[in-house]
Each structure stands twice: as C-alpha cells, then as structure tokens.
Amino acid sequence: MRSDPCGLLRRADVGRTVQLGGWVHRSRDLGGLVFIDLRDRTGLLQLAFGPAWSAVEVQQLAASVGVESVILCEGEVVAREPERVNPEMGTGEVEVRVTSFRVVGPAVTPALPVARGRGEKMPAEELRLRHRYLDLRRPELQENLVLRHRLLQVSRRFLTDHGYLELETPILTKPTPEGARDYLVPSRVHPGEFYALPQSPQIYKQLFMCCGFDRYFQIARCFRDEDLRADRQPEFTQIDIEASFIERQDIMTLAEGLIGSMWREAGHHDVPAQFERMTYADAMEFYGCDRPDLRYELRIRDYSSVFASLDFAVTKTALANGARVRGIVLPGGGAWSRKQVDELEALAKGAGAGGLLRLRKADGEYDGPLAKFLTDDAKAALALNDGDLALFVAAADRVSSPALDRVRQECARRLELIDDKAQRFLWVLDFPMFEEDPETGALAAVHHPFTAPHADDMAAYPDEPARWRALAYDVVLNGTELGGGSIRTSDPATQSRMFALLGIGDAEEQERRFGFLLEGLRAGAPPHGGIAFGFDRIAMLLSGATSLRDVIAFPKTTAARSLYEGAPVAVPAEDLAQLHISVRESRAGSIRE
RNA sequence: GGGGGCGUAGCUCAGUUUGGUUAGAGCACUCGACUGUCACUCGAGAGGUCGCGGGUUCGAGCCCCGUCGCUCCCGCCA
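Just so you know, these numbers come straight off a predicted model, no measurement behind them.

1. Let's talk about a nonpolar patch on the surface
Thinking step 1. There is a patch of nonpolar side chains on the surface, built from Y133, F554 and Y564 and spanning about 330 Å² of accessible area.
Thinking step 2. Relative to the elements of secondary structure, F554 occurs in the loop between α16 (535-543) and α17 (573-578).
Thinking step 3. A relative accessible area of 49% means that F554 is categorised as partly exposed.

2. Considering the pattern of salt bridges
Working definition: two side chains of opposite charge can pair if their charged atoms are close together.
Thinking step 1. What the rule picks out here adds up to 48 salt bridges.
Thinking step 2. With a closest N to O distance of 2.9 Å, D536 and R148 form a salt bridge. Placement of D536 in helix α16 and of R148 in helix α4 (residues 139-161) is noted, with a sequence separation of 388 residues between them. R148 matches D536 in its accessibility class, with the two residues each being buried.
Thinking step 3. Each of R116, R128, R132, D135, R138, E140 and D550 takes part in one network of salt bridges that share partners.

3. Some points on the sheet that holds strand β13 (residues 324-331)
Thinking step 1. Spatial ordering of the open sheet is given by β12-β13-β16-β14-β15, a layout of five strands whose pairing is antiparallel. If you trace the sheet from one side to the other, it starts and ends with β12 (301-302) and β15 (365-367), each paired once.
Thinking step 2. With two bridges connecting them, β12 and β13 associate as antiparallel partners. Bridging across to β13, D302 finds its partner in R326.
Thinking step 3. Contacts from helix α12 (residues 397-414) reach β13 and β16 (388-395), with the element oriented near 5° to β13.

4. Here's the deal with the protein's contact with RNA strand B
Thinking step 1. Near RNA strand B, the surroundings consist of 47 residues, among which E95, A111, A124, H447 and T558 are the closest.
Thinking step 2. Restricting the count to atoms of RNA strand B within 4 Å of the protein gives a sugar and phosphate share of 54%.
Thinking step 3. At 3.5 Å, a side-chain N or O of R26 approaches a phosphate oxygen of RNA strand B.
Thinking step 4. Contact distances for RNA strand B include 2.8 Å between a base oxygen and a side-chain N or O atom of R97.

5. Overview of the side chain of N144
Thinking step 1. As for its position among the elements, N144 is in helix α4.
Thinking step 2. Beyond its immediate sequence surroundings of up to four residues, N144 is in contact with S543, A545, D550 and V551.

6. Comments concerning a negative patch on the surface
Thinking step 1. Residues E435, E436, D437 and E439 make up a contiguous surface patch of negative charge.
Thinking step 2. Relative to the helices and strands, E436 resides in strand β18 (residues 434-436).

7. Side note on the pairing of strand β21 (residues 480-487)
Thinking step 1. Among the eight residues in β21, six count as buried, and that is most of the element.
Thinking step 2. Sheet analysis places strand β20 (residues 472-477) next to β21, joined by six bridges and oriented antiparallel. Its bridge partner lying in β21, V476 is registered against E481.
Thinking step 3. Taken together, β20 and the strand that follows it, β21, pair antiparallel across an intervening segment of two residues, in which N478 is found at a positive phi of about 50°.
Thinking step 4. Bridge count for β21 against strand β22 (residues 528-534) is five bridges, and the pairing is antiparallel. Within the sheet, the bridge partner assigned to S486 lies in β22 and is G530.

About the thresholds
Residues numbered from 1 in each chain as written. Chains lettered and ligands numbered in written order. Predicted model: local features only at pLDDT ≥ 70, side-chain atom pairs only at ≥ 80, totals over all residues. Heavy atoms only, no water. Patch = residues over 30% accessible without salt bridge, like charges linked within 9 Å, V, L, I, M, F, W, Y side chains within 5 Å. Areas by Shrake-Rupley, 256 points an atom, 1.4 Å probe, with all protein chains shown as cover. Salt bridge = Lys/Arg side-chain N within 4 Å of Asp/Glu carboxyl O. Helix = DSSP H or I, 4+ residues; strand = E, 2+ residues; numbered from the N terminus. Buried < 20%, exposed > 50% of the residue type's maximum accessible area, 1.4 Å probe, protein only. Pairing = 2+ DSSP bridges. Contact = heavy atoms within 4.5 Å. Axes fitted to C-alpha atoms, helices over the stretch in contact; angles between N-to-C directions. Near = heavy atom within 4 Å. Polar contact = N/O pair within 3.5 Å; in protein donor to acceptor, adjacent residues only side chain to side chain. Lys, Arg positive; Asp, Glu negative; His and termini not counted. Charge placed at Lys NZ, Arg CZ, Asp CG, Glu CD.

Shown next as structure tokens:
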C-alpha cells in the first residue's frame, strides 16, 4: 500500500514512482496548481498537482480535500528547482508529482489545529486533552512518545545485558493501609471484598528474591490515589529493580550505568561514570533539603556561635531553647528592595518559619534590625562584603531547613545562578530510618518499612531507633529525584521488630497485613535490595517537557479525570449490584462512593 | 482540604479599568478568483448560551454571590 514513509524521501529518490499514505497537513490551491503537505510520523512531504501530470479528477480531489484527512496517492519523485527548495523541510529538495489520488479517511474540520502558524499559541490544555487524537498528531508529542519508546528499549537492553529478568507482578493486589491511598477494585465473587491496584510492586519483588530470581526488573505501572501535580499522575510508570547477594554499592553502580545509557540515548554524552555522593545529614545541613540542586552553591551555614554573644532578643531566646541560627549570604542581594526581601520572608513563613532576619552591608555600613547589636567580633565572623544580603532563621532545624531551602532556591533563580546546561547527578545516602512526629513521638518510616537500618546504628543505639540511619539511597539530578531504593531487611525477626516500632506490634496483625512477606522471608531469604526510577519524570526531563502530560499518551487532569473518554463515570445500579456495592448521594446531590 | 491564575466564535485573543447602540480581530471554515506555492495571495460570506446559575441595575461580557471546568502551588504522595 505504501512504498515509502513521507519524511524520508531525498534527492537520491528522484525518478522513482512511489506510493504514499498520510495526513493532509496543509494545502495551497493556486488555481492551476495545488500543493499538499502530506504528514506521517517521519515528517512532511510536498505533493504537487498540475495539469501536465495530474488528471482533472485528481486535481479537483486535491483542491477539495480537507486538512487532517487521510489519503493514498501515487506519483513520481522530482527534484525541485534550486529557487524552489524549502530548507526548513527535511524533504525540501524534492516533491512528488501525483498521478493518482484517493481520500481513504476523510476528516471533519479539526476541533483544534494540528498545523499551527509560526508564533501561534498552543490551544488550551483542556481542549488538547479532550481532543487527544488530534493533539497526539503534533510532531512535538510524537517525538516525545518516540523518545519514551527508545528509553524503554535501552533500559530493557541494559538490564537484560546485566542478567536481569523482566518479570511481571499482579495488578490486582492486596490493599495496604500504609502510604498513599489505594485505588480499590471490588470483587464480584467475594461480596464486600476488594483488591487494590499496586502503589509499587515492592513486596512481590522481594518475594522474587526469596524465590531465587536474583536479578529482577519490571517496567511497572503503579497507582496512587493522591492529588496531582505537573510532575505527578495517579497512574505512572517506574523502572523497578531488585537483586540478591548484593550491597548498596552494587545497586548504585547498576543505576549509574542505567541512567548513563538512557541519557546517552537522548543525546547527552557527558554523564559521569560515578555520581557525586552526599549524606542526608549534610544535604539537610548545607541545603536544607534531601534532594539539593548542586548547580549553584548558596550554602546554608550555622551562625549560632556568632549570635551567641549578641544581645538580640529573637536569636537569644531561640538559642536558649536549644535551636540554632542558620542562614545564607547572597552576594548582590543587598540591592533588592524591601518588597523583594519581604517576598523571601513570605516564602520562609510559608514553610513554617516565624520570620526571616535580614542584614545588609553597603558602603561598609550594616543595615537591618540586627545592625546595632553587632559587635566587631560578630562582624568579623560574618565576613560580609559590600552588596551582600544575609538572611537568617532562628529556629529548630526541622523549621529552618525547609524555610532556608525555599529561600535558597528562589534566590538562585533571582541571581540567575542556575546553569541550564549543567547536569549535577547526586546520590543522597544514609537517610534516617524513621521520622518522629514532633507532637506524638510516633515513628514513621522515611523510605518504607522494608528498608534495612545500618547494623552499626542498631548496635550503638539499640533503644533509640530515631537515631538509626537506613541503608537507603536516592539519586537526584539538579534538585529532582530520579529514583530511590534501599537494601531490605531480609531477616524476618528484624522485619517484625521494624513493624513493631512503626506501631504494628501485634503479631497477629503483622501476619494479617504482611504475612505474605514474612512467610517468604522465613522460608529462606537472601540479602537483597533494589531501586525504582520514576520513568515518566525521566522521559519528561530528557524530552524537555515541563509536564508529565506531554510524555504520557492519555494522561489525567489535575482532578484525576480523563477528558478524552470521560473516565471515571457513574455506573448503572444493576452493575453495582453485581459487585455488591451501593452508592449514596453526597450533599451536593452528585454520586459518590 | 487550602491559596493563586484562567474561562468571550472551531482555535488564539482584544473588549472588563470607568456598566450604555448591532460584542470585534487573526487563523480555521464555506463560496469565488488565481500555473510554483510552502503560514500562498486576493474578494465575499457564514459562524456567539461572553463556562453555568442567581442577584444588583432602566440597562451586565463588564459589578456582587454561588457553582463548574482547566491549570500552578501548599497540604498529601510509607
């Protein structure tokens, strides 16, 4: 039916008779001559219709065919005269003089333009999603999905070459009360019982390790019923990896290789063989964040000792309560207006800080609420230059870190310190095992409950689990988390203890909720660990898209709806009855579960 | 759950500041002209629930209240 794709014809094809198929991208009817730009996923090609080579019926059909219609045609590839070459088209040196022409898929007038004029804006996202069959015809989205395909293939090749088996895990799984909300699926044959869609294949892949499939991977679809963001969809794809008889270093080396292979596939050949490393403690201390963007410095420093001797009420009180005074120095920030600094303070307050102390030095003079309290020693210790702005937060670390993180990021943006071309890959290591609720003291797993703590920490502080570090690792690029993983607890007794520390102390309840993992571990479990990468996010970064929706063919809106087919929908009562479900009216009268 | 932005022709937008005649433009669409265009050009035409509901007013696209949708962010996402 087709001898060639549209976009690949070149000067070398001149003289050939070709059969083509594609979509009418645009047409130009000059009266005696008609031109059609024919499109397929390889690109555009100009079809020419004229009385010298096209029959009258062919010319008439060409003049009347609507854009986005699908046509089949036959003709001869001819070279264009030099002055008629179109340098912006890959096929711009040739055109096809059409001798036969058939409209096989006539199109109604498209609801939104596929061929946009230069400088013409994109249609609203809502319309793009509603008419996704048109939006996906755009070359940009086609390129994104092609890149996505290539990244998947190179990942499969890399992992297969390293001895990993691609194994599948169930989509209908057991609900887990921890973590994100589950999507539930009713069981017809078991009234009142539900499956859950997997948030991740975590437990299944650990069971694979217990079974001896010592190298596993899966391009796994995962589901989380939480609110969306530009970089968060309710269903998403992760590259999920697990291995046995390995240590943390082995997984990190594998991950560096996998990332390198994907980045090279996307044209980035400067990925380091080994990534930088930083402990979680250092990341929080110097950047206030567990995924620091290292493209710029603006490090956070501890100024507590400087403030210890100053008779300034705010910092004095904080220090007396065991808090610290931390801050950052911004070269050039002294020129910012009061309003601009107020905006920074609003950011800090939004992150939970009580305020942001400001100190400016200009022409050797200090300016700000602190200025008159500064001693010569303090001035020397601060070491400000003219034009500097220093910003401080006097608070507990759990308050000052996120506040200074936001301030630091905004300042880097304002000072234009971010090098767009830089790629700073970073491992963040030694996360704490648990996070302590400041009010109740209850422990929650920072990574997940199956992560193994550092054996040294358990031995050194047997009764202080809040001090244990986890054998967990995140890989970060320019402030974005690409993936994360850990060495798992393979000893069932230790795993039981971890559940107990997380408030699931009752043995019966442990068995009820996690028995299928504990049984697997008791049956003989190798040391194992793994990692998972957020694949959509990687595809987004490598395609240059700013939204996950531009690398997913049929994404959901921020209200978790699919505008094209209209999911989710209300279901007739008789269908629900089969599932033993009844729906009650919400106060607004709309249908809710 | 909370905060910000947006919603006017098929698409992109102007009009909203200060309420006032028949709501405009470009592209797309329909018809006509045109033999080298490539965002073809030129002429004519058709196309509107100003997201929806209510209110204020002699009069509402514009003001007020509510609501829906899309989007960005916070919370949330072990």
